[in-house]
Amino acid sequence: MKLDSAGLEILSRDECLELLDSTPIGRIVFTDRALPAVQPVNFCLFEENVVIRTMAGSKLAAAARNAIVAFEIDDFDIDFRWGWSVTAVGHARAVSDPEEIARLSRLPLSPWAPGNRDHFILMAPEQISGRRIRPPASAGAAAASATTVSRE
């Protein structure tokens, strides 16, 4: 296991892709009027690409068109003090080819937000990094004990 200078486990590209494929919600970071913007989105990983379904005229659709964006997912357990985070950076593009739209429409990617969300954004990760934190054995045992006691 490889650790960074802060003692966090460095995840491999394959581990990062596996985690990207394990959760339906992430955060996309894009530029809006020359400022950074972050928006939670539901997504799907398809052929190692992040696929987001949005409205054609949305701020996200306009900002992510042929732009470099970042995408982040994570999961943490406060009681047990463990967690992980994965960040991907790459070019985003609007999908316009009818055959590609038809293919992406068959993905298990149903919009959570209301409205007609028939516009697809595809982000091809060029850089992927991830970190995992695991509690020291004594901290994990203490958290497990505290959780067990509080549930009885």
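Bear in mind the structure is a predicted one, so any value in this text is a computation, not a measurement.

A. Spatial organisation of the overall build of the protein. When its secondary structure is counted, the protein shows four helices and seven strands. The N-to-C order of helical and strand elements in the protein reads β-α-β-β-β-α-β-β-α-β-α. Counting every position in the protein, which comprises 152 residues, the buried fraction comes to 38%. Of the side chains in the protein, 16 bear a positive and 20 a negative charge, and the two mean positions are spaced by 5 Å.

B. Up close: the pairing of strand S3 (residues 35-46). Sheet analysis places strand S2 (residues 25-32) next to S3, joined by eight bridges and oriented antiparallel. Across the sheet, the residue bridging to Ile 25 is Asn 42, located in S3. The hairpin turn running from S2 into S3, its antiparallel successor, is two residues long, and Arg 33 in that turn takes a positive phi close to 55 degrees. Taken together, the four bridges between S3 and strand S4 (residues 49-54) define a ladder with antiparallel strand orientation. The residue of S4 that forms the bridge with Cys 44 is Val 51. Remark: two residues form the turn of the hairpin made by S3 and S4, two consecutive strands paired antiparallel; Glu 47 in that turn has positive phi of roughly 50 degrees.

C. Quick peek at the environment of Arg 132. Topologically, Arg 132 is positioned in strand S7 (residues 119-133). You can call Arg 132 buried: its relative accessible area is 17%. Separated by 66 residues in the primary sequence, Arg 132 and Asn 66 place their C-alpha atoms 31 Å from one another. Residue contacts for Arg 132: discarding those within four places in its chain leaves Leu 8, Glu 9, Leu 11, Glu 15, Leu 19, Gly 83 and Trp 84.

D. Seen up close, the packing of aromatic side chains. What the rule picks out here adds up to one aromatic pair. Relative to Phe 71, the ring of Phe 43 has its centre 4.7 Å away and its plane inclined at 70 degrees; by these criteria the two rings are edge-to-face. One end of the pair, Phe 43, is in strand S3; the other, Phe 71, is in strand S5 (residues 67-77), and 28 residues separate them in sequence. Here Phe 43 falls in the buried class, since its relative accessible area comes to 4%.

E. Looking closely at the environment of Leu 20. With respect to the secondary-structure elements, Leu 20 resides in helix H1 (residues 13-20). Residue class for Leu 20 comes out buried when judged on its relative accessible area of 1%. If near-sequence neighbours (up to four positions away) are discounted, Leu 20 is found in contact with Phe 43, Leu 45, Phe 71, Ile 73 and Val 86.

F. Examining the pattern of salt bridges more closely. In the structure shown here, the tally under the stated rule is 10 salt bridges. With its nearest N and O atoms 3.2 Å apart, the salt bridge here joins Arg 132 to Glu 9. On the criterion of sequence distance, the pair formed by Arg 132 in strand S7 and Glu 9 in strand S1 (residues 9-10) is long-range, its members being 123 residues apart. Because the salt bridges share partners, they merge into one network encompassing Glu 9, Arg 132 and Arg 134.

Criteria and thresholds
Residues numbered from 1 in each chain as written. Predicted model: local features only at pLDDT ≥ 70, side-chain atom pairs only at ≥ 80, totals over all residues. Heavy atoms only, no water. Helix = DSSP H or I, 4+ residues; strand = E, 2+ residues; numbered from the N terminus. Buried < 20%, exposed > 50% of the residue type's maximum accessible area, 1.4 Å probe, protein only. Lys, Arg positive; Asp, Glu negative; His and termini not counted. Charge placed at Lys NZ, Arg CZ, Asp CG, Glu CD. Pairing = 2+ DSSP bridges. Contact = heavy atoms within 4.5 Å. Phe/Tyr/Trp six-rings, centres within 6.5 Å; stacked < 30°, edge-to-face > 60°. Salt bridge = Lys/Arg side-chain N within 4 Å of Asp/Glu carboxyl O.

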